[in-house]
Amino acid sequence: MNITTEGIVLKSTRLGGTDRVCTIMTEAHGVIRAFAKGAQNPKNKNASSTAQFSSGQFTLYYSHDKYTIDEASCGQPFFALRSDICALALAQYLCELFAEVARTEENAHDELRLLRGALHYLSAGTRPHLLVKSAAEMRLLAWEGYAPDLLMCRECGCFECDTMYFIPSAGQLICSDCAAHSGGHVTGAALGKGALMALRHTVYSELDKLFSFSLPDSSLLSLSAACEQYVKAQLDREFSTLGFYKAVAMQEIPQ
Ligand SMILES: [Zn+2]
């Protein structure tokens, strides 16, 4: 059976000889693994279009639970990532995150748009890295069954206060008064009003407007820390690419 779908290569790994296996975020089937025969050979027709971050149309052959890439009509629209080590490292983390989380076909169309948008802004350098990171993390998790409840304080129902806390393990908010009354039993990532509004935006905004917000650097750091804690708590795993990104970003503060 042949399938044609839009996609982005999340990961490209050399197999024995000249073959490759690619992890691809596809519009039709979510994340899949597909073999690319001979693609390790630079003269192969699919050599460049099966490299990481390649984006375009894939024609796949599906048989016995395996995908093989017949043809990949892909470009390298995010080529500028290669000239910014920090953006490149973050893009690699997002690819690893999508490969881990984007499993359902139901949201695959929008998830591909989400990834394409994130890679575009990282490549173009027109949005702060932490903004792109936070928005992509939260929206992807929300679509894949990890939607937090950001409407109000889980104890008293208040909508906002000067400092709200986002509880990563529960995906809920608690206001500073209720947190104080808990006797220190409830802790979370502290968010000022701007960071709280931005966190709500990452989950509830229209996709077209997802990356269209701005925050002062200090609020962006709060937002990013909250999102990162949420990913860690919900997925219960570490990402080696995230560790690398943070090591690189440390050299380039502020970002
Ligand atoms: Zn409260």
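Residues numbered from 1 in each chain as written. Predicted model: local features only at pLDDT ≥ 70, side-chain atom pairs only at ≥ 80, totals over all residues.

Trainee: What is the right way to look at the sheet that holds strand β2 (residues 20–26) in this model?
Mentor: Sheet strands pair via backbone hydrogen bonds, and the direction of the pair is either parallel or antiparallel. With mixed pairing, 5 strands are arranged side by side around a closed barrel as β1-β2-β3-β5-β4. Ignoring which end each strand starts from, the neighbouring axes of this sheet average 55 degrees apart. Each of β1 (2–14), β2 and β3 (30–36) is contacted by helix α1 (residues 85–101), which is oriented at about 125 degrees to β1, the strand it contacts most. Packed on one face of the sheet, helix α2 (residues 108–124) meets β1, β2, β3 and β4 (55–63) and runs near 45 degrees to β1. (Pairing = 2+ DSSP bridges. Helix = DSSP H or I, 4+ residues; strand = E, 2+ residues; numbered from the N terminus. Axes fitted to C-alpha atoms, helices over the stretch in contact; angles between N-to-C directions. Contact = placed C-beta atoms within 7 Å.)

Trainee: I would appreciate a short explanation of unusual backbone geometry in the present structure.
Mentor: A negative phi angle is the norm for most residues apart from glycine, just as the trans form is the norm for most peptide bonds. A positive phi is found at His64, a non-glycine position, where the angle reads about 50 degrees. Structurally, His64 can be placed in the loop between β4 and β5 (66–75). Backbone geometry places Asp236, a non-glycine residue, at a positive phi of 55 degrees. Here Asp236 lies in the loop between α6 (217–235) and α7 (240–250).

Trainee: Any chance you could explain the packing of α2 against helix α3 (residues 129–143) here in plain terms?
Mentor: Axis angle and axis distance: for two packed helices, these are the angle between their axes and the distance between the axes, and together they describe the pair. It is at 10 Å that the axes of α2 and α3 come closest, and there the two elements cross at 170 degrees. In this view, α2 runs roughly antiparallel relative to α3, as classed from their interaxial angle. Listed contacts from α3 to Asp110, Glu111, Leu114, Ala118, Tyr121 and Leu122 of α2 are His129, Val132, Ala136, Arg139, Leu140 and Trp143. Per-class residue counts for the contact of α2 with α3 are 8 nonpolar, 1 polar and 3 charged. (Parallel < 35°, antiparallel > 145°, perpendicular 65-115°, else oblique. Nonpolar A, V, L, I, M, F, W, Y, C, P; charged D, E, K, R; others polar.)

Trainee: Before we go on, may I ask you to explain the pairing of β3 in this structure?
Mentor: Successive side chains on a regular strand alternate, one facing one side of the sheet and the next facing the other. Of all the 7 residues making up β3, 5 are buried; the element is thus mostly covered by neighbouring parts of the structure. Bridging between β2 and β3 involves 7 bridges; their strand directions are antiparallel. Bridged to Arg20 within β3 is Ala36. Across 2 bridges, β3 lies against β5 in parallel orientation. Bridge assignment links Ala34 to a residue of β5, and that residue is Tyr67. (Buried ≥ 20, exposed ≤ 12 C-beta atoms within 10 Å, placed from the backbone.)

Trainee: Mind showing me how you'd approach the nonpolar core here?
Mentor: When a protein is soluble and globular, its nonpolar side chains tend to lie buried together. Counting residues in each nonpolar core, the largest one holds 75 residues, and the members touching the most others are Ala91, Leu94 and Phe98. For this core, the element with the highest residue contribution is α1, accounting for 11 residues. There are two domains that each give this core at least three residues, and those are domain 1 (2–75) and domain 2 (85–147 + 191–250). Not counting chain neighbours up to four residues away, the residues in contact with Phe98 comprise Leu10, Met25, Val31, Leu115 and Leu140. (Core = buried A, V, L, I, M, F, W, Y, C linked by C-beta atoms within 7 Å. Domains from an automatic or database assignment.)

Trainee: So what exactly am I meant to see when it comes to the packing of α3 against α6 here?
Mentor: As a packed pair, α3 and α6 sit with axes 9 Å apart at the nearest point and diverge in direction by 35 degrees. Between α3 and α6 lies a crossing whose hand is left-handed. Contacts between α3 and α6 involve Leu130, Leu131, Lys133, Ser134, Glu137, Met138 and Leu141 on the former and, on the latter, Leu220, Leu221, Leu223, Ser224, Cys227, Val231 and Gln234. (Left-handed = near helix turned anticlockwise from the far one by under 90°.)

Trainee: What is the right way to read the domain arrangement of the protein chain from this model?
Mentor: Reports often express the size of an interface as the amount of accessible area lost when the parts come together. Domain boundaries assigned for the protein chain yield domain 1 (2–75) and domain 2 (85–147 + 191–250). Each of domain 1 and domain 2 was reduced to a C-alpha centroid, and the two centroids are 25 Å apart. Contacts between the two partners involve 16 residues from domain 1, matched on the other side by 15 residues from domain 2. Of all the secondary structure elements, the ones that give two or more residues to the side of domain 1 that touches domain 2 are β1, β2 and β3. Here the element with the most residues in the side of domain 1 that touches domain 2 is β1; it accounts for 5 residues. Residues that form the side of domain 1 that touches domain 2 fall into these classes: 6 nonpolar, 7 polar and 3 charged.

Trainee: What's the story with the pairing of strand β7 (residues 164–167) in this structure? I'm lost.
Mentor: Neither face of β7 is open: one carries Met164 and Phe166, the other Tyr165 and Ile167, and all of them are buried. In this sheet, strand β8 (residues 172–175) lies alongside β7 in antiparallel orientation, the contact comprising 4 bridges. Considered in β8, the bridge of Tyr165 is made with Ile174. Looking at chain direction, β7 and strand β9 (residues 189–191) are connected through 3 bridges and run antiparallel. Note on β9: the bridge partner recorded for Phe166 is Ala189.

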